[in-house]
Amino acid sequence: MTLLEEQLEVLRSQYPDVTVQYLPSGAALIVLSHVPLTEGWSKKATAVRFLAPVGYPHAKPDCFWTDADLRLASGAAPANTGPNPIPEINEGGHLWFSWHTAQWNPNRDSLMTYVNVVKNRLRDIR
């Protein structure tokens with residue numbers, strides 16, 4: 001079992017619906033189909049998508065995508081978002097969050113670390 005597969009199993013312990021799609025480049029698209037959201041969003045939950053890039057874990061995940069219709073409760077678009085497609089995926093309909101980890105240590109950090117980065121951003125209603 002590869003390190004990525006091991007980390008996916010840990011992720012599945014908290015997100016049983018997680019799926020992975022291996023892309024032609026060697027990157028892996030990881031999808032959590034139901035991530036609960038706090039009050040202040042237009043929805044109670046969203047799907048979250050992110051890439052484990054080629055070279056993971058030495059190459060860190062960067063940015064993520066949610067359901068295209070995710071907005072703030074006011075109807076405004078969240079900060080640092082836009083219409084940017086997922087690389088290598090020929091399907092539209094996702095909202096791109098330009099959100100980056102401040103620190104990443106490939107010897108310590110994992111897919112769960114990145115999911116926590118995403119969840120922290122989604123707790124920040126702006």
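Check the entry above for the structure.
Residues numbered from 1 in each chain as written. Predicted model: local features only at pLDDT ≥ 70, side-chain atom pairs only at ≥ 80, totals over all residues. Heavy atoms only, no water.

### As for the packing of helix α1 (residues 3-14) against helix α2 (residues 111-123)
Here is the rule we go by: Lines fitted to C-alpha atoms define the axes here, with helix axes fitted over just the stretch in contact, and angles between the N-to-C directions of these axes take values from 0 to 180 degrees. Put simply, DSSP marks the helices as runs of H or I at least four residues long and the strands as runs of E at least two long, and each gets a number from the N terminus on. Relative orientations are named as follows: roughly parallel for angles under 35 degrees, roughly antiparallel for angles over 145 degrees, roughly perpendicular for angles from 65 to 115 degrees, and oblique for any other angle. Whether two residues touch is decided by their heavy atoms; if any such pair falls within 4.5 Å, the residues are in contact. Each residue gets one of three labels, nonpolar for Ala, Val, Leu, Ile, Met, Phe, Trp, Tyr, Cys and Pro, charged for Asp, Glu, Lys and Arg, and polar for the others, Gly among them.
Axis separation between α1 and α2 bottoms out at 8 Å; the angle between their running directions is 50 degrees. Taken as axis vectors, α1 and α2 run oblique relative to one another. From α1, Leu 4, Gln 7, Leu 8, Val 10, Leu 11 and Gln 14 reach across to α2, where they touch Leu 111, Met 112 and Val 115. Per-class residue counts for the contact of α1 with α2 are 7 nonpolar, 2 polar and no charged.

### Some points on the pairing of strand β1 (residues 19-22)
Selection criterion: Strand pairing is defined by DSSP finding a minimum of two bridges between the two strands.
Here β1 pairs with strand β2 (residues 28-36) via 4 bridges, running antiparallel. Counterpart to Tyr 22 in the pairing with β2 is Ala 28. In this antiparallel pair of consecutive strands, β1 and β2, the connection spans 5 residues, and Gly 26 shows a positive phi of 105 degrees.

### Observations concerning the packing of aromatic side chains
For clarity, the cut-off: Two rings from Phe, Tyr or Trp (for Trp, the six-membered ring) form a pair when their centres are within 6.5 Å of each other. A pair whose planes differ by under 30 degrees is stacked, one over 60 is edge-to-face, and the rest are tilted. Think of it in three bands: residues with accessible area under 20% of the maximum for their type are buried, residues over 50% are exposed, and the middle band is partly exposed, with areas taken using a 1.4 Å probe on protein chains only. In this scheme, the term charge over a ring applies when either NZ of a lysine or CZ of an arginine sits within 6 Å of the ring centre and within 35 degrees of the ring normal.
Counted under the stated rule, the structure contains 4 aromatic pairs. A ring pair is formed by Phe 50 and Tyr 114, whose centres lie 5.1 Å apart and whose planes are at 55 degrees; its orientation type is tilted. With Phe 50 in strand β3 (residues 45-52) and Tyr 114 in helix α2, the pair connects residues that are 64 residues apart, well separated along the chain. The residues Phe 50 and Tyr 114 share a single accessibility class, namely buried. Their ring planes at 55 degrees and their centres at 6.2 Å tell us that Tyr 56 and Trp 104 sit as a pair that is tilted. Here Tyr 56 is found in the loop between β3 and β4 (64-67), whereas its partner Trp 104 is found in the loop between β6 (94-97) and α2, with 48 residues between them in sequence. Just as Tyr 56 is buried, Trp 104 falls in that class too. Here the basic side chain of Arg 121 rests over the ring of Trp 99, its NZ or CZ set 5.3 Å away from the ring centre.

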